[in-house]
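# Breakdown of the fold
Here are the chains, one letter per residue:
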Amino acid sequence: QVHLVESGGASVQAGGSLRVSCAASRYTYTYGCMGWFRQAPGKEREGVASIKTIGGSTYYADSVKGRFTISWDNNRNTLTLQMNTLKPEDTGMYYCAADNWVACSKKTLSVTDFDYWGQGTQVTVSS
């Protein structure tokens, strides 16, 4: 099954930018939906963005729309999240997730729609 490893997390100042990545080994297109989630201290894990690996349709949570960009490189099987104009509330552990295309067909991005997860990479935004 697919193996997901995140990287790129760091501590940055508010207003700055950061890119986190997710390397998907043993990837096949049966995993038609890739997503980013985050979990802040004391809060539930929440969906940030998702992308369909065939066709490229995307979803963004309202809180990050216009600031974050999700992309999928089908040559390297790598998922990325470009984060701009970062805010302290963006702080959290960022997780990469994968599942079939159905997970990308909904109007919301839910943890329960994904079965395959990475271990996470920490993003901290200071004011």
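To start, this report covers the structure provided alongside it. (Residues numbered from 1 in each chain as written. Predicted model: local features only at pLDDT ≥ 70, side-chain atom pairs only at ≥ 80, totals over all residues. Heavy atoms only, no water.)

So, on to the sheet that holds strand S7 (residues 68-73). With antiparallel pairing, the 4 strands of this open sheet are ordered in space as S1-S3-S8-S7. Both edges of this open sheet fall to strand S1 (3-7) and S7, since each of them pairs with a single strand only. Each strand of the sheet is rotated relative to its neighbour by a mean of 15 degrees, with strand direction disregarded. Across 6 bridges, the pairing between S7 and strand S8 (residues 78-83) is antiparallel. Considered in S8, the bridge of Ser71 is made with Thr80. (Pairing = 2+ DSSP bridges. Helix = DSSP H or I, 4+ residues; strand = E, 2+ residues; numbered from the N terminus. Axes fitted to C-alpha atoms, helices over the stretch in contact; angles between N-to-C directions.)

Let us now look at the state of the cysteines. Under the criterion given, the structure shown has 2 disulfides. Residue Cys33 pairs covalently with Cys104 via a disulfide, S to S 1.9 Å. Around the S-S axis, the bridge from Cys33 to Cys104 shows a dihedral of about 80 degrees and counts as right-handed. Residue Cys33 is located in strand S4 (residues 33-39), and its partner Cys104 is located in the loop between strand S9 (92-99) and strand S10 (116-117); the two are separated by 71 residues in the primary sequence. Residue Cys33 is classed as buried on the basis of its relative accessible area, which comes to 0%. A relative accessible area of 17% places Cys104 in the buried class. Assigning the bonded cysteines of the protein chain consecutive numbers by sequence position, one obtains the connectivity 1-3, 2-4. (Disulfide = S-S within 2.5 Å. Buried < 20%, exposed > 50% of the residue type's maximum accessible area, 1.4 Å probe, protein only.)

By themselves these figures say nothing about function.
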